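Residue-level listing of the chains:
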Amino acid sequence: MSQIFDQTFARTLDTLIARAEPGQSFEVWTFDDAKSRRETEERLKKKGVCARIRSAYKPLLFTFLEEINFDGVDAIEVRYPVHENAPANRFRLEAYPLAALVGDAKLDFIARKDDAFHYDVTLSRNGKTETLKVLAPNRVHTDIVGETNVSPTGWFRLAGDASGERLETEYEQLFEAAIHAVANHGWGNDEPYFEELNIRVAHPAEEMALPIGDEVISLREALHEDFYFSLLEFFQKKSGRPLGDRGLKPGQIVPEIVKSEGEVSVRIETRPLTTAFLDGGEQLIDEAREPIAAGQIAKLLSGIGGEAFEARSRSGRTLAARYFAGSDAAVMISGGQHPNETTGVVGAIRAARKLVAREGAHFTISPLENPDGYALHQRLRVDNPRHMHHAARYTALGDDLEYRTPENSGSHLNEKEIRFKAQEISGAKLHVNLHGYPSHEWTRPLSGYVPRNFAMWTLPKGFFLIIRHHADWERQAEALLDRVTRHLGAIPGLLDYNNRQIALYETHAGETGFRIINGFPCLSSIDDRHTVPMTLITEYPDETIYGDDFITGHTAQMETVLSAYDAWQEIMSAETA
């Protein structure tokens, strides 16, 4: 274990109280929860200071939540800025999920032609209109990898001052200091650079659940996402790779953002890899209400039977799989490539348990392809069960196993070996690969707000499917999508769920960019990267869901596997007829 950085920061709200003078009147925008901001206003009031402290994070949404009276409002018009260094819909996205919170009022977003950092809001009530300007403090800056960002920032404005000035909050200070500490460390030139790079942040912000879906406002979760992806980008650039490259193997980057009682601090150190799982108790697999224990996964897989085969992760954990030889056209089934996408693991096992009862069943099942990531997800959920934890998405090498090949992996084929073995043993031409994505908004507020290279994933948009196929398999791909989506459309409530999420997505982000097939968004593309000619990828909005929502999610995953398997038998039978 080697320490790289350790620092405590003065909380901005405390500094404001200490420096404020009786008789002052001002407005401030900070990265703090509502309770802390209100308490600080009261403390300032007792000191003879009139202050309004607003949220620098999602300022329009918080203005509606904290300051606007909705009674009688039947129409809302929001004019938002468009900046050349940000996505055109950036400030429209930042207002999410306002459209779901305004009741029956009609809400229109209209892009302004200028880039001034404010919203112009018009409220229509009983035939009368009311207008207000909502400041959205931002700064244009260059980040550690040389990219220009437009990012929310703290702001201070005295009464009578129309503009005000930037206030660098402790939220921003700790992030900048920590990123530069990592960047300035001597890492050498050989990947992986470390086993675990741990960034432990203590911050007092409380979560704020919103009364829509799984939406929650979390400044601490946002820090996790910003730290993880900013550091991933730094090491991508250091290695000479392009930003977004998934083959980089820096090691395991682990931001642990924990709630404090007031302290704001960050400590960075390298650690050895862990080799244990923090397993909980067993659950009934068909009714599992949270991610299941790794030990139970192994036990269930053993109970299914079949021919065992395996691979090993970087830490030495076992990737267990099974092969069932039969007369059907073979199908590969996998889950847990990205283990923070939680429903696929359960859905894969549930589907396999049904398939083994069929005569002629022919498939492989590897329900947990990334056990190192799964172990990290278990660990991170202890402190923050409702966070997305994208640090658990990749392997302990820090790469996406999907992009690992014998040519680029050197001595680190590890987890990817399970797929090569599955295809070799079965001869499958279809791989059903179960995935998920965030079930609530995903942001990087200190690096441009919208997650770089992941903009299409920033808001949930229902359960959708992706097919990647070889050039001469397009006809079969279209037939598979048609059959599977028709089956999914018969599941009670699933289409309604999709429609609600898609409508909210389109209001705040614009068109999905997907084809809608039988009510389900789908993407289909030619991709010769895979050795299997057809890969069906599911995307269920499952990161952070629990309880009944979790059951619904892994049931949809199971049904997708079963319907794809059945459709594949029909398609391949027609091919040989």
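Now for a quick tour of the structure.

What counts, and at which threshold
Residues numbered from 1 in each chain as written. Predicted model: local features only at pLDDT ≥ 70, side-chain atom pairs only at ≥ 80, totals over all residues. Heavy atoms only, no water. Helix = DSSP H or I, 4+ residues; strand = E, 2+ residues; numbered from the N terminus. Rg over C-alpha atoms; globule rule 2.2 N^0.38 Å. Buried < 20%, exposed > 50% of the residue type's maximum accessible area, 1.4 Å probe, protein only. Contact = heavy atoms within 4.5 Å. Areas by Shrake-Rupley, 256 points an atom, 1.4 Å probe, with all protein chains shown as cover. Phe/Tyr/Trp six-rings, centres within 6.5 Å; stacked < 30°, edge-to-face > 60°. Axes fitted to C-alpha atoms, helices over the stretch in contact; angles between N-to-C directions. Parallel < 35°, antiparallel > 145°, perpendicular 65-115°, else oblique. Nonpolar A, V, L, I, M, F, W, Y, C, P; charged D, E, K, R; others polar. Core = buried A, V, L, I, M, F, W, Y, C linked by side-chain atoms within 4.5 Å. Pairing = 2+ DSSP bridges. Salt bridge = Lys/Arg side-chain N within 4 Å of Asp/Glu carboxyl O.

1. A few points about the overall build of the protein
On a plain count of helices and strands, the protein comes out with 13 helices and 25 strands. Taking 2.2 N^0.38 as the reference for a compact globule, 577 residues should give roughly 25 Å; the C-alpha atoms of the protein span a radius of gyration of 25 Å, in line with that estimate. In terms of overall dimensions, the protein has C-alpha extents of about 85 × 60 × 45 Å along its principal axes. Taking all 577 residues of the protein together, the buried fraction comes to 60%. The contacts of the protein with a sequence gap of at least 6 include a subset with a gap of at least 24, amounting to 77%. Approximately 22,100 Å² of the protein is accessible, and the part contributed by carbon and sulfur atoms is 47%.

2. Observations concerning the packing of aromatic side chains
In total, this model carries 25 aromatic pairs according to the counting rule given. Aromatic pair Y57 and Y449: ring centres 6.3 Å apart, planes at 45 degrees, arrangement tilted. Taken together, the residues span a long stretch of sequence, with Y57 in the loop between β3 (50-55) and α3 (59-66) and Y449 in the loop between β21 (430-438) and β22 (464-469) at a distance of 392 residues. As far as the burial class goes, Y57 and Y449 line up, both buried. Centre to centre, the rings of Y80 and F109 are 6.4 Å apart; their planes meet at 70 degrees, and the pair counts as edge-to-face. Here the residue Y80 occupies a position in strand β4 (residues 73-80), and F109 occupies one in strand β5 (residues 106-111), the gap between them amounting to 29 residues.

3. Details of the packing of helix α1 (residues 12-19) against helix α2 (residues 34-46)
At a minimum axis distance of 10 Å, the contact between α1 and α2 shows a crossing angle of 10 degrees. Comparing the axis directions of α1 and α2 gives the class roughly parallel. On α2, the residues touching L13, D14, L16 and I17 of α1 are S36, R37, T40, R43 and L44. Classifying every residue of the contact of α1 with α2 by side-chain character gives four nonpolar, two polar and three charged.

4. Section: the nonpolar core
In terms of nonpolar packing, the biggest core is built from 90 residues, with I76, L197, F227 and F235 touching the most fellow members. The biggest single contributor to this core is helix α6 (residues 219-238), with ten residues. The next biggest cluster of nonpolar side chains, apart from the first, holds 55 residues, and it includes L430, V432, I517 and I571.

5. A few points about the pairing of β22
A regular strand places its side chains so that they alternate between the two faces of the sheet. Extensive coverage of β22 is indicated by the burial of five of its six residues. Bridge count for β22 against strand β25 (residues 534-543) is six bridges, and the pairing is antiparallel. Opposite F464, over in β25, you have E539 as the bridge partner.

6. Observations concerning the pattern of salt bridges
This structure, assessed with the given rule, holds 54 salt bridges. In this structure, R38 and E41 form a salt bridge, with 2.9 Å as the shortest nitrogen-oxygen distance. Pair noted here: R38 and E41 are both in helix α2, with a separation of three residues, about one helical turn. Among the salt bridges present, the one from K421 reaches E417, with a minimum N-O distance of 3.7 Å. Residue K421 and its partner E417 are located together in helix α10 (residues 417-426), separated by four residues, close to a single helical turn. Through salt bridges with shared partners, one network takes in E27, R37, R38, E41, R52, R54, E66, E67 and R157.

7. A short note on the pairing of β21
Burial of β21 is extensive: nine of the nine residues sit out of reach of the surface. As defined by bridge partners, strand β19 (residues 331-335) adjoins β21 across five bridges and the pair is classed as parallel. By the bridge assignment for β21, V331 is matched with L430. Bridging between β21 and β25 involves nine bridges; their strand directions are parallel.

8. Here's the deal with the sheet that holds strand β1 (residues 2-8)
What the four strands build is an open sheet, ordered β1-β16-β12-β15; its pairing is mixed. The strands lining the two open edges of the sheet, one partner per strand, are β1 and β15 (252-259). The sheet shows a mean angle of 10 degrees between the axes of neighbouring strands, taken without regard to direction. Both strand β12 (residues 196-203) and β15 contribute to a ladder of eight bridges, which runs parallel. Bridge pairing links V201 to I257 in β15.

9. Comments concerning unusual backbone geometry
Cis rather than trans, the peptide bond between Y96 and P97 has omega equal to -5 degrees. By secondary structure assignment, the location of P97 is in the loop between α4 (90-93) and β5. Note that the residue after E191, namely P192, is joined by a cis bond; omega there is -10 degrees. Checked against the element boundaries, P192 lands in the loop between α5 (170-183) and β12. One non-glycine residue, N414, lies in positive phi territory at about 40 degrees. With a phi close to 55 degrees, N518 is a non-glycine residue in the positive phi region. The topology assignment puts N518 in the loop between β23 (515-517) and β24 (520-526).

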